[in-house]
Amino acid sequence: MNPTAIALVLSSTFMHASWNLLARRRRSEGLFFERMNLITLLLGFIPAVWSELLVRSIPPKAWFYLMLSGISCGFYYLSLATAYSWGDFTVVYPVARALPVLMLGLIDALRGRFPSPLGWLGMVLVSIGCMLSPLTSLREITPSRYLNRSSLWVFLTALGTVGYSTFDKLSSEIVLQGPATAARYGYFFASISGICYIAMRRAAGRRLMGGGKEERDDPGWKAPLLGSLFNFGAYWLVLWAYQLTGRASYVVAFRQFSIAIGVAAAFLIYKERGVLIRTAAALIITAGLIAIGLGG
């Protein structure tokens, strides 16, 4: 895998974990996501639209993929917010990030871009590490740990990830190459996904989030502003990395390093237990990423 792409994705993981932790902080994930996306839409409108009119870096076919990607991501936000409200962050976050890795490996294979044996090994290790990271001891490996009231929303979150990752990888192969295009594309992607999420949330009703209860804690605007910057920055680097590598599954696998960051932060912020097994899970994820980096 391209070393520059690896560096870009690893850098993005710190920002990705940060906005997810910010979203979890006030237990008002639905409203947080809404404000985060609204801020992105307003702040980037003039520079993104003006520069795209000048450069024309996104061809019509990429706009079609962009629309499908934005809809998929809007669905991802809705599912993730609902999963967070029903479940534990240290379970929802890793499992929702683990499932898409092997799914995208299969999609790459269907496109004729078969991952190498070391690539498959790395993706399997990453998935195992993700699934272990919610645990505090090996005795907790039970069906109820992973199959509960948040499981459906976790699975739907994973499908949303597979959708937008696939369409964005397709777009990255036909747009004008470079970080500036990735930034413009990232803004339009964030805007479309934000509008779709807000519309879906309004249609679904606020009671869908919050475990069947109305959200009470107002996240304010400072945290969503930081979340907007972290979210946009993280995915901008990922979109740039897509231009430098042939397989979406490798990029998404490397994005899972954010789990190790998120779990470590959860220990400090939420005082979670299970340091030993979760450290082992983080090491397994790291071993998987090394395999992809060397053999992918």
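Let me begin by describing the structure that accompanies this report. Just so we're clear, the structure is a prediction, and the values are computed from it rather than from any experiment.

**Side note on the overall build of the protein chain**
Across its full length, the protein chain carries 12 helices and 0 strands. Reading the protein chain from its N end, one meets helices and strands in the order α-α-α-α-α-α-α-α-α-α-α-α. When the 296 residues of the protein chain are sorted by exposure, 56% land in the buried category. A separation threshold of at least 6 residues defines the contact pool for the protein chain, and within that pool the share at least 24 residues apart is 86%. Total accessible area on the protein chain stands at roughly 12,500 Å², and carbon and sulfur atoms take up 72% of it.

**A look at the pattern of salt bridges**
Taken as a whole and assessed by the stated rule, the structure comprises 5 salt bridges. A salt bridge links E173 to R113, with the nearest nitrogen and oxygen atoms 2.7 Å apart. Residue E173 is located in the loop between α7 (151–172) and α8 (179–204), and its partner R113 is located in the loop between α4 (89–110) and α5 (117–132); the two are separated by 60 residues in the primary sequence. With its nearest N and O atoms 2.8 Å apart, the salt bridge here joins E173 to K169. Looking at E173, the relative accessible area reads 31%, which means it is partly exposed. When salt bridges that share partners are traced, they join R111, R113, K169 and E173 into one network.

**Some details on the environment of L239**
You can see L239 is positioned in helix α9 (residues 222–242). Separated by 57 residues in the primary sequence, L239 and A182 place their C-alpha atoms 5.5 Å from one another. Leaving out residues up to four positions away in the same chain, L239 has contacts with D168, A182, Y185 and G186.

**Things to note about the nonpolar core**
Formed by 67 residues in total, the largest nonpolar core has its most connected members in M1, F33, Y77 and Y242. Among the elements that make up this core, the one with the highest residue count is helix α3 (residues 60–86) (10 residues). Setting aside chain neighbours within four positions, we find Y77 in contact with W19, F33, M36, N37, S193, Y197 and N231.

**A few points about α7**
If you check α7, its first and last C-alpha atoms are 31 Å apart, about what 22 residues at 1.5 Å a residue would give, namely 32 Å. When you tally the buried positions in α7, you get 18 out of 22 residues, the bulk of the element.

**Side note on the environment of T245**
Tracing the backbone through its elements, the reader meets T245 in the loop between α9 and α10 (248–255). In the structure, T245 is positioned 244 residues away from M1 in sequence and 6.6 Å away in space, judged by C-alpha atoms. Contact partners of T245, with chain neighbours within four places excluded, come to M1, K169 and V251.

**Here's the deal with unusual backbone geometry**
Not every positive phi belongs to a glycine, and R56 is a case in point at roughly 55°. Mapped onto the fold, R56 is located in the loop between α2 (29–55) and α3. Residue R56 is classed as exposed on the basis of its relative accessible area of 63%.

**Focus on the packing of α3 against α8**
Between α3 and α8, whose axes approach to 7 Å, the crossing angle comes to 50°. Judged on the interaxial angle alone, α8 and α3 are oblique. Judged by the twist between their axes, the crossing of α3 over α8 is right-handed. A breakdown of the residues in the contact of α3 with α8 according to their chemical character gives 18 nonpolar, 4 polar and 1 charged.

**What to know about the packing of aromatic side chains**
Geometry of an aromatic ring pair is reported as the spacing of the ring centres plus the angle between the planes. As enumerated under the stated definition, the model contains 17 aromatic pairs in all. Ring plane angle 70° and centroid distance 6.4 Å describe the contact between F14 and F257, whose orientation is recorded as edge-to-face. One end of the pair, F14, is in helix α1 (residues 3–25); the other, F257, is in helix α11 (residues 257–270), with 243 residues separating them in the sequence. With 5.9 Å between their ring centres and 65° between their planes, Y77 and Y197 make a pair best called edge-to-face. Linking Y77 in helix α3 with Y197 in helix α8, this pair joins segments that are 120 residues apart in sequence. Considered together, Y77 and Y197 belong to a single accessibility category, that of buried residues. What links up through ring pairs into an aromatic cluster is the set W19, F32, F33, Y76, Y77, Y164, F189, Y197 and Y235.

Calculation criteria
- Residues numbered from 1 in each chain as written.
- Predicted model: local features only at pLDDT ≥ 70, side-chain atom pairs only at ≥ 80, totals over all residues.
- Heavy atoms only, no water.
- Helix = DSSP H or I, 4+ residues; strand = E, 2+ residues; numbered from the N terminus.
- Buried < 20%, exposed > 50% of the residue type's maximum accessible area, 1.4 Å probe, protein only.
- Contact = heavy atoms within 4.5 Å.
- Areas by Shrake-Rupley, 256 points an atom, 1.4 Å probe, with all protein chains shown as cover.
- Salt bridge = Lys/Arg side-chain N within 4 Å of Asp/Glu carboxyl O.
- Core = buried A, V, L, I, M, F, W, Y, C linked by side-chain atoms within 4.5 Å.
- Expected span 1.5 Å × (residues − 1).
- Axes fitted to C-alpha atoms, helices over the stretch in contact; angles between N-to-C directions.
- Parallel < 35°, antiparallel > 145°, perpendicular 65-115°, else oblique.
- Left-handed = near helix turned anticlockwise from the far one by under 90°.
- Nonpolar A, V, L, I, M, F, W, Y, C, P; charged D, E, K, R; others polar.
- Phe/Tyr/Trp six-rings, centres within 6.5 Å; stacked < 30°, edge-to-face > 60°.

Shape is all these values report; function is a separate question.
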